[in-house]
Every structure is written in structure tokens, then in C-alpha cells.
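Chain by chain, the residues:
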Amino acid sequence: MKKSLAFLMGLTVVASALTGCGGAKSSSESKESATSATEATTAADTTEATTAAETTTEAAEEDEEENYDTGDASLDNPRNQDEIGENELLVLSFGTSFNDSRRLTIGAIEDALEKAFPDYSVRRGFTANIIIDHVKRRDNEVIDDVKEALDRAQKNGVKTLVVQPTHLMDGLEYNDIVNEIASYSDAFDKVVIGKPLLTTDDDFKRVENAIVDWTKDYDDGKTAICFMGHGTEAESNSVYAKMQDMLTADGHTNYFVGTVEASPSVEDVLKKVKEGGYEKVVLEPLMVVAGDHANNDMAGDDEDSWKSIFEAEGFKVECLLRGLGENEDIRKLYVEHAQAAVDSIK
């Protein structure tokens, strides 16, 4: 059977193999090469040992600093089982070390996909190895990274692989996923990749409606409802400005969107909230999970957290620590994107 790799975005990837060869070396060249190789190996071993020691120290410091409860990891299903069968739906997420949020967001999306696609085995992969390592070290829960998930699928004889990322946008991370999966194009008969959450204008509209409906109880005319996104240096950062423009155009003038690491910044959001004369501020993450950014950068007690910045300006602040994955309408949208991917291979 001829193998193919199909992407919903219309991207066709053809795998190629590179072969290197060289002529035989003289005796003196061989001796010099051997000496150089030995020196290089020794230097590499020393560097590797130093790096490993530094990593271990950093990990120990990280664990020591984490003095808060993230929930019971045993309640989470890492979805790393073998005996997958011929059809797999691989759900790829950045990930989070916050156990309860992982179960209530990523886990809930996976559960929704499993219910919607009974003919597929749903499995999990995280793109953030630092999170995978942290969860393994702290909770002894094993979560596959992208390569491990793809290797597991190949080893289990999967023929049709549907990949549904839980990413918010078509950014750097999503493109990395596409490229990594492309390198496995010969491992499966068919591979398709679903779209991220915010792709079409209809996606934006439905997400807008979902977050407005989710926060309607706070919409009293005196409260500014502020969503904190992650932000990216890529052009896809424009999704935040687009969401803000849609909210404003649709009359939700007390809704504001900002980011942790890009633009609009918390200062930009604060300026608009002050201009609006609001008395109270509700903060909520515009992220799939309510993990480190939500708990610390948004709701933390440090002076540079969003909560502290707004409180310093005299606002009463309430933080909603829930990720988008907890919202049923958001989960339905991921299911529809996966359905479009499945339909493309029928």
C-alpha cells in the first residue's frame, strides 16, 4: 500500500534520506583522527557530566520552591498505554505540572475526544519535556513526549494516526509539531493533523461567545473582565489583538485581553481598565490550562503578578483559576477540528 501524509492545512510533506560517504584515510590521518576523537570524547563527557549536575541541582531547587499543592496525580490518566490498535488519536499539548488542572483541562479534552471517536485509541503527548521530567520526578507519573508518543504508535502497529493539538494558535509550537510528525511520514499509512483552537473566523467567534457566556455573572457594568494569554514572538500573537477587537466590536467593552510575554502587556490592559473607571477586576487565563502562568503570573502574590499590579492601583481583584479546557464549548470545538481531520482521510 502506498503511504501518504496528509495535513488539513494542505501541507504535503515528502520524506527524504541523506547519505554521507568518504574515502579511506592515510595511516597518519587515522592516528590524528583517533587522537582528536579521544580528546573530543573526553571533553564531551566532561561537559555532559557538568550539564547533568547543573540540571540535577536546578531540579532540586525547583522542587524545593514548589511548596503548594497542585492536586492528586493519581487521578490523572497519562494515556501512555500500549495495545493501541490500528487507529490512534494522539492529543498533543504543551502540558502542565498542575495535576488538578491537567485532569480538568487536557484530560477533559481527551475524554471528549475518546467519547466522540470510539473507533480510535486516544493517547497523550506533551511538547514540554521540562514539565514531563518534573511530573515524573515529583509524582512518578510518566507522560510521553512527542517522539515517545510517535515511537509508541509505530511500535504498536498503528496504521491511521490522527493528531489533534490543543494549542491555541498556529504558532511556533504548532509548526514544530507538524515538522516532527512529518519525519514519521513513512511510519504510518495515513497521518492527519487537526487545526489549533483559533484558526478560522468562526473559531474566534465561538471562543468569544464561550468566554463571554462563562463570565456573564461578573458582567455588572462595574467590573472589568481581563483575560491573560501567554503571548508569542511569532506573528500568530495577533490572535490576542483580534480577539480584543471582536469583543469590543460586539459591545463587550469591559472585556480586555493581554499577554504574559508579549503584547498587549499587563500595563496596556491596566491603562484601559483605569480609563474605563471600573471598580472591580476579574482575572482569568486565556489558556487551555490553569498552570504556572495562571497561578503565579496572574494570581500570585509577587508584586509583578497581574493581581498585585491591579490591587496596587486600588482595584478589588478576583481570580478565576480555570483553563479553557474546562469549558464544554471549547472542548466541542476541539472535537470538531478532530472530526474534520478524520473526515479528510475517509
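Preceding this section is the structure that the text describes.
Notes on the structure in this doc start here. (Residues numbered from 1 in each chain as written. Predicted model: local features only at pLDDT ≥ 70, side-chain atom pairs only at ≥ 80, totals over all residues. Heavy atoms only, no water.)

## A word on the sheet that holds strand β1 (residues 87–93)
The sheet built from 4 strands is open, its strands ordered β2-β1-β3-β4 with parallel pairing. The outermost strands of the open sheet, each flanked by one partner alone, are β2 (121–126) and β4 (190–193). Each strand axis lies, on average, 20 degrees off the axis of its neighbour in the sheet, ignoring direction. Two strands pair when backbone bridges link them, and β1 and strand β3 (residues 160–165) are joined in this way by 6 bridges, in the parallel orientation. What sits directly across from N87, in β3, is T160. Contacting β1, β3 and β4, helix α6 (residues 172–182) crosses the sheet at an angle of about 175 degrees to β4. (Pairing = 2+ DSSP bridges. Helix = DSSP H or I, 4+ residues; strand = E, 2+ residues; numbered from the N terminus. Axes fitted to C-alpha atoms, helices over the stretch in contact; angles between N-to-C directions. Contact = heavy atoms within 4.5 Å.)

## Side note on the packing of helix α7 (residues 201–214) against helix α8 (residues 238–249)
Running from N to C, α7 and α8 cross one another at 65 degrees; their axes reach a closest spacing of 10 Å. Crossing of α7 over α8 shows right-handed handedness. Across from D201, F204, K205, V207, E208 and V212 in α7, the residues of α8 making contact are V239, K242, M243, M246 and L247. (Left-handed = near helix turned anticlockwise from the far one by under 90°.)

## A closer look at the pairing of β3
Within β3, 6 of the 6 residues are buried, leaving the element largely enclosed by the surrounding structure. Across the two faces of β3 the burial is the same, with T160, V162 and Q164 and L161, V163 and P165 all buried. The sheet contact formed by β3 and β4 spans 4 bridges and is parallel. Residue V163 lies in a different strand from β4, and its bridge partner there is I193. Once you follow β3 into α6 and on to β4, the crossover reads as right-handed. (Buried < 20%, exposed > 50% of the residue type's maximum accessible area, 1.4 Å probe, protein only. Right-handed = clockwise from strand over helix to strand, strands pointing away.)

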